[in-house]
Amino acid sequence: MENLTPEQQFENDLIDAEVLAREANKLFDDRLKIARSMASALGSLASERYATRFIKVNYAYNALVNAAVALMPPRTAFEIPEPIEPFASEAVWNAMSKEQQLKAVALKTAMAEQLSGFGITTDSLRVVMSETEEENKTFTLVHIGNGIDIGDHTKELSQARSYNVVMSRKNEDLFTIKLDGNLYDLRSGMTSSTYDALYEDAIRQGYTLPDSDKMALENHDQIRTWTMLTGEPLTAGGLVQVRYVDDGRVYGLACYPEDGNRSLRVRVAVVIE
């Protein structure tokens, strides 16, 4: 017997299924015609009784239908999915489950679409991995550029870019994505460990370091930017934790929640669970 490819087998099965379906339809039409003739000749009561029998006792018809369905499995069973283009280091990508990879792809697309007006693209989003001492791995999809400024770019100080405003209900729609019935807060993943993972990933891959002088030049910023750790709680003194890179090293500082300094940026990041 000739060996057929899955696609060829599908086409053959489809032809056979069509033949069976036509026979099933013909049988159904014949039985329906008889039922209507019975109704016309015997009156409504007999019609009702025969109609009930017509519905319940349809062995030949059902057999043909079931055979046709059996020969028509979902087309997706024979489709080879397009390979997913990794947007993480090989080690990080391989450590993720297939479900996490697919979720990361969907979130990357959704984030780029929602924040395209702020310069976010699919190419500027990357998955990094942080690991606890207990070897628990956390995968985070994070913006690798200079973060976004939602304040007035022409002003040195703008309350719109302050932590209080960024985290306010006013900006929930901007920084929240709904995907497969789940809500994802794009501010929640920007933690200290995520920033460190982003920095280490950039070092290993040879990318421009975040919030560095070089990054500022590449993004036409006149100053070095600061990333607010929107996924971290305020300090005991009520201050916002901030990170930046200087001379190739990560530094931390803190600012007031109402501070609208033009260096402050929102670095969107979401954990891939």
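Residues numbered from 1 in each chain as written. Predicted model: local features only at pLDDT ≥ 70, side-chain atom pairs only at ≥ 80, totals over all residues. Heavy atoms only, no water.

S.K.: In this structure, what is going on with the environment of Gly 151? I would like to understand it.
M.R.: Position of Gly 151 among the secondary structure elements: in the loop between strand E2 (137-143) and helix H6 (163-166). Judged by relative accessible area, which is 14%, Gly 151 ranks as buried. Counting along the chain gives 111 residues from Gly 151 to Arg 262, while the straight-line C-alpha distance between them is 8.0 Å. If we ignore the near neighbours within four places in the chain, the residues touching Gly 151 are Ser 158, Ala 160 and Arg 161. (Helix = DSSP H or I, 4+ residues; strand = E, 2+ residues; numbered from the N terminus. Buried < 20%, exposed > 50% of the residue type's maximum accessible area, 1.4 Å probe, protein only. Contact = heavy atoms within 4.5 Å.)

S.K.: Mind showing me how you'd approach the nonpolar core here?
M.R.: Side chains that are nonpolar tend, in soluble globular proteins, to be buried together. Formed by 33 residues in total, the largest nonpolar core has its most connected members in Leu 107, Met 111, Val 127, Leu 141 and Val 268. Breaking this core down by element, the ones donating at least two residues are helix H4 (90-95), helix H5 (98-114), strand E1 (125-131), E2, H6, strand E3 (176-179), strand E6 (240-246) and strand E9 (269-272). Looking at this core element by element, the count peaks at four residues for H5. In contact with Leu 107, not counting residues within four places along its chain, are Leu 141, Ile 177, Leu 179, Tyr 184, Val 270 and Ile 272. Grouped together as the second largest cluster of nonpolar side chains are 12 residues, Val 128, Ala 197, Leu 198 and Val 245 included. (Core = buried A, V, L, I, M, F, W, Y, C linked by side-chain atoms within 4.5 Å.)

S.K.: Whenever I open this one, the side chain of Asp 211 confuses me. Can you help?
M.R.: Among the structural elements, Asp 211 can be located in the loop between helix H7 (192-205) and helix H8 (213-218). Under the relative-accessibility criterion, Asp 211 is labelled buried at 0%. Polar side-chain contacts of Asp 211 include one of 2.6 Å to the side chain of Thr 225. Excluding anything up to four places from it in sequence, Asp 211 contacts Asn 146, Tyr 195, Arg 224, Thr 225, Trp 226, Thr 227, Arg 243, Tyr 244, Val 245 and Arg 267. (Polar contact = N/O pair within 3.5 Å; in protein donor to acceptor, adjacent residues only side chain to side chain.)

S.K.: Which parts of the structure should I look at to understand H7?
M.R.: Since the α-helix advances by 3.6 residues per turn, residues separated by three or four positions end up pointing in the same direction. Its 14 residues give H7 an end-to-end C-alpha distance of 20 Å, which sits within 8% of 20 Å, the value for a rise of 1.5 Å per residue. The complete set of buried residues in H7 reads Ser 192, Thr 194, Tyr 195, Ala 197, Leu 198, Tyr 199, Asp 201 and Ala 202. At the C-terminal side of H7, Gly 206 shows a positive phi close to 80°. (Expected span 1.5 Å × (residues − 1).)

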